[in-house]
Amino acid sequence: MFGLLERPEMLAMWEHLFATLLAQATVQVTDAATVHTDGRVVWTAAYTFPGTGRPVHNVIYAELQFENGLISSHREQFDMTSWIQQAIGMDAALAAAPQTQAHIRHQARAQLLGGRPR
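Residues numbered from 1 in each chain as written. Predicted model: local features only at pLDDT ≥ 70, side-chain atom pairs only at ≥ 80, totals over all residues. Heavy atoms only, no water.

Student: Looking at this structure, how should I read unusual backbone geometry?
Tutor: Even without glycine at this site, histidine 36 takes up a positive phi of about 55°. Tracing the chain through its elements places histidine 36 in the loop between strand S1 (26-35) and strand S2 (38-48). Among the residues examined, histidine 36 registers a relative accessible area of 80% and is labelled exposed. Backbone geometry places asparagine 68, a non-glycine residue, at a positive phi of 55°. The residue asparagine 68 is located in the loop between strand S3 (55-67) and strand S4 (70-77) in this model. What makes asparagine 68 exposed here is its relative accessible area of 80%. (Helix = DSSP H or I, 4+ residues; strand = E, 2+ residues; numbered from the N terminus. Buried < 20%, exposed > 50% of the residue type's maximum accessible area, 1.4 Å probe, protein only.)

Student: Even after reading the chapter, I still don't get the packing of helix H2 (residues 80-88) against helix H4 (residues 98-112), so can you show me in this structure?
Tutor: Geometry of a packed helix pair, given as the angle between the helix axes and the separation of the axes. Where H2 meets H4, the axes come as close as 11 Å, and the angle between the chain directions of the two elements is 65°. Judged by the inter-axis angle, H2 sits roughly perpendicular to H4. Relative to H4, H2 is oriented so that their crossing is left-handed. Touching Met80, Thr81, Trp83, Ile84 and Ile88 of H2 are Thr100, Gln101, Ile104 and Arg105, all from H4. Here the residues of the contact of H2 with H4 sort into five nonpolar, three polar and one charged. (Axes fitted to C-alpha atoms, helices over the stretch in contact; angles between N-to-C directions. Parallel < 35°, antiparallel > 145°, perpendicular 65-115°, else oblique. Left-handed = near helix turned anticlockwise from the far one by under 90°. Contact = heavy atoms within 4.5 Å. Nonpolar A, V, L, I, M, F, W, Y, C, P; charged D, E, K, R; others polar.)

Structure (structure tokens):
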């Protein structure tokens with residue numbers, strides 16, 4: 001959603017998520033595994049999207065890499081079309097359009113960075 005983040009932006013992302021979504025969300029890890037320095041997690045988040053009051057059930061696939069016992073890389077994927085349909089209420093064709101998804105990502109990043117997308 002937010003694109004590639006540097007450490008300060010990543011911390012801001014988690015602060016934003018905890019302050020706006022996760023405080024009222026139900027989060028469940030449905031699958032997790034590690035092999036040496038690589039890990040994967042599948043988790044679901046169910047919450048009410050603050051901008052519209054619409055319910056969202058999002059399945060997130062995360063890949064992690066570890067160095068010295070800490071997460072050194074973390075990438076996540078989810079179905080953006082489904083998320084837009086649930087959170088905003090847009091029809092599938094419009095939600096799947098690359099321009100729509102780019103606009104939503106741009107808005108989310110701008111909000112995360114306090115109105116200054118990069």
